[in-house]
Amino acid sequence: MFKGIQIQNEPQYNARVTEIAEEQLGNGEVEVNIEYSTLNYKDALAITGKGKIIREFPMTPGIDFAGKVFRSQSDDFVSGDSVILNGFGVGERFPGGLAQKARVPADFLIKQPSEFSSKEAMMLGTAGYTAMLCVLALQKQGVTPDKGEILVTGGNGGVGSVAIMLLSKLGYQVIASTGRPEEKAFLQSLGAVDIIERSELSEPGRPMVRERWAGVIDSVGSHTLANACAATQYGGTVAACGLAQGMDLNMTVAPFILRGVKLIGIDSVMRPIEDRKEAWKALGSLVDKQLLASLSTVVALSSSVDLAEQLLAGKVRGRLVVDVNT
Ligand SMILES: NC(=O)c1ccc[n+]([C@@H]2O[C@H](COP(=O)([O-])OP(=O)(O)OC[C@H]3O[C@@H](n4cnc5c(N)ncnc54)[C@H](OP(=O)(O)O)[C@@H]3O)[C@@H](O)[C@H]2O)c1
C-alpha cells in the first residue's frame, strides 16, 4: 500500500488522501518512488470536479512528478535514476503524481536535468515547462528583445510567473497583466517592468487597436487572448496555452490578415520527447533558483485537496509544490 489522492465518482464526485493498493498502479516498465508533484490548474479542475479531466474511476490525479526509479524493465532507466514526468495523460487517464508511487511507460519519462533537485524540478513542473515552450515559440518566430514589449497574461499564475522570470532573464521588457495589482512588487521582483490590470483586457474589444506587443504569452484565453492579438505589432507572435478566463475565442481575422500576427498554440501534454528535452535544457540554463523558490510554496499532500479550490479561485500565487511524503 502507498499513500495518494484518489478521486471517486460514487456516491458523489470526491477526492481524498487514502491508502492505495499496489495493484492500482498503472501499466508500464518503470516504477518510481515519487518525491514531489505539483498542483497545476488541470489538477485543480480534476480534484474539484469542475472540469471533465478524469474519465476513469477511481483515479489518482497529478499531471506531473519527480522522483527516483526503484524498478525498471526498460533499457533507458535503471534503479536510482532521477526522473521527471509531464503530461501524457498521467493524472487524467493513467494514475498520476499526487501519490507516493507511480508505474509508467518508459517513454513518458525524461531524466531529471542535473541542474535541478526533484523539488526544484517540480517548482517548475508542467506550468514552468509550458512557460518555457511558450518562450521558445516566441524565439523561433523571431521575437527578439529589441522588437518591443512582451505581454504575459495571468501574471501571478504558475505559467505566468515562470514566463515573466524567463523572459526577463533573456532581456525582454515584460508587461504582466493581473487581476491582483496588489502583487505588483512580486511581479516586478520576477522581472516585470510594469503591470496592467486584467480588466483592461478581459472585456470584448475592437478587432484591432494600437500596435503594442512584440509578443504575448497567454494562459487566459477568451476576450483576453482576442484583445492581446488585436494589439500585437505587425508580424508579432502570440503563444496561447491556457483558458483561465475561458475556452471561448471570439475575434476577427483582422490581426492575422492585416498585420501578419501569428497565433501559436502550445500543448505540453503530448509534446514529443525531443521538444521536452529542449525545454528542460533551456530551463536548466535560465532559471535563477532563488527567484524560483520565491514564487514557489511547498505544501503537504494532505492539503492539496483544499488548495485546489483556492487555485481555481485565482488565490494562489506562483507555484504549489506537493511533498507527497508528508
Ligand atoms: N497547453 C498546455 O499544455 C498547458 C500547460 C499548463 C497550463 N495550461 C493552462 O494554462 C492556464 C494557467 O495554468 P496555471 O497552472 O498557470 O494556473 P494558475 O496558477 O491558476 O494561474 C492562472 C492565472 O490566471 C489568472 N486568472 C485566473 N482567473 C482568471 C480570469 N477569470 N480571467 C483572467 N485571468 C484569470 C490569475 O492570475 P492573476 O491573478 O495574476 O490575474 C491566475 O493566477 C490554465 O488554463 C491551464 O490549464 C496549459
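To be clear, the structure that these remarks concern was listed above.
Looking only at helices and strands, the protein has nine helices and 15 strands in total. A compact globule built from 326 residues should have a C-alpha radius of gyration of about 20 Å, and the protein, at 19 Å, falls within 12% of that. Residues classed as buried in the protein amount to 55% of the 326 residues present. Within the protein, residue pairs in contact and separated by at least 24 positions form 71% of the contacts whose partners lie at least 6 positions apart. When the accessible area of the protein is evaluated, it comes to approximately 13600 Å², of which 49% is carbon and sulfur surface. Side chains of the protein carry 32 positive and 36 negative charges; the gap between the two charge centres is 3 Å.

Before going further, it helps to spend a moment on a negative patch on the surface. Together, Glu29, Asp75, Asp76 and Asp107 line one region of the surface with negative charge. Note on placement: Glu29 falls in the loop between β2 (14-20) and β3 (30-39). Here Glu29 falls in the partly exposed class, since its relative accessible area comes to 33%.

Here the focus is the nonpolar core. The biggest cluster of nonpolar side chains holds 50 residues, and the ones touching the most others in it are Met132, Leu166, Leu167, Trp280 and Leu283. Elements with a contribution of two residues or more to this core: α2 (118-140), β8 (150-152), α3 (158-169), β9 (174-178), α4 (184-190), β10 (192-197), β11 (213-218) and α7 (273-286). Leave out the neighbours within four places in its chain, and Trp280 touches Ile84, Asn86, Ile110, Pro113, Phe116, Ala121, Leu124, Gly125 and Tyr129.

This part takes up the site of the ligand. Not every one of the 23 residues close to the ligand is listed here, only the nearest: Val159, Thr178, Gly179, Ile266 and Ser268. At a separation of 3.4 Å, an oxygen atom of the ligand approaches a polar backbone atom of Gly155. Asn156 places a main-chain nitrogen or oxygen 2.9 Å from an oxygen atom of the ligand. Considered on its own, the ligand offers 910 Å² of accessible surface; in the complex 88% of this is hidden by protein. Class assignment of the residues belonging to the shell around the ligand gives a composition of eight nonpolar, 12 polar and three charged.

Conventions adopted
Residues numbered from 1 in each chain as written. Predicted model: local features only at pLDDT ≥ 70, side-chain atom pairs only at ≥ 80, totals over all residues. Heavy atoms only, no water. Helix = DSSP H or I, 4+ residues; strand = E, 2+ residues; numbered from the N terminus. Rg over C-alpha atoms; globule rule 2.2 N^0.38 Å. Buried < 20%, exposed > 50% of the residue type's maximum accessible area, 1.4 Å probe, protein only. Contact = heavy atoms within 4.5 Å. Areas by Shrake-Rupley, 256 points an atom, 1.4 Å probe, with all protein chains shown as cover. Lys, Arg positive; Asp, Glu negative; His and termini not counted. Charge placed at Lys NZ, Arg CZ, Asp CG, Glu CD. Patch = residues over 30% accessible without salt bridge, like charges linked within 9 Å, V, L, I, M, F, W, Y side chains within 5 Å. Salt bridge = Lys/Arg side-chain N within 4 Å of Asp/Glu carboxyl O. Core = buried A, V, L, I, M, F, W, Y, C linked by side-chain atoms within 4.5 Å. Near = heavy atom within 4 Å. Polar contact = N/O pair within 3.5 Å; in protein donor to acceptor, adjacent residues only side chain to side chain. Nonpolar A, V, L, I, M, F, W, Y, C, P; charged D, E, K, R; others polar.

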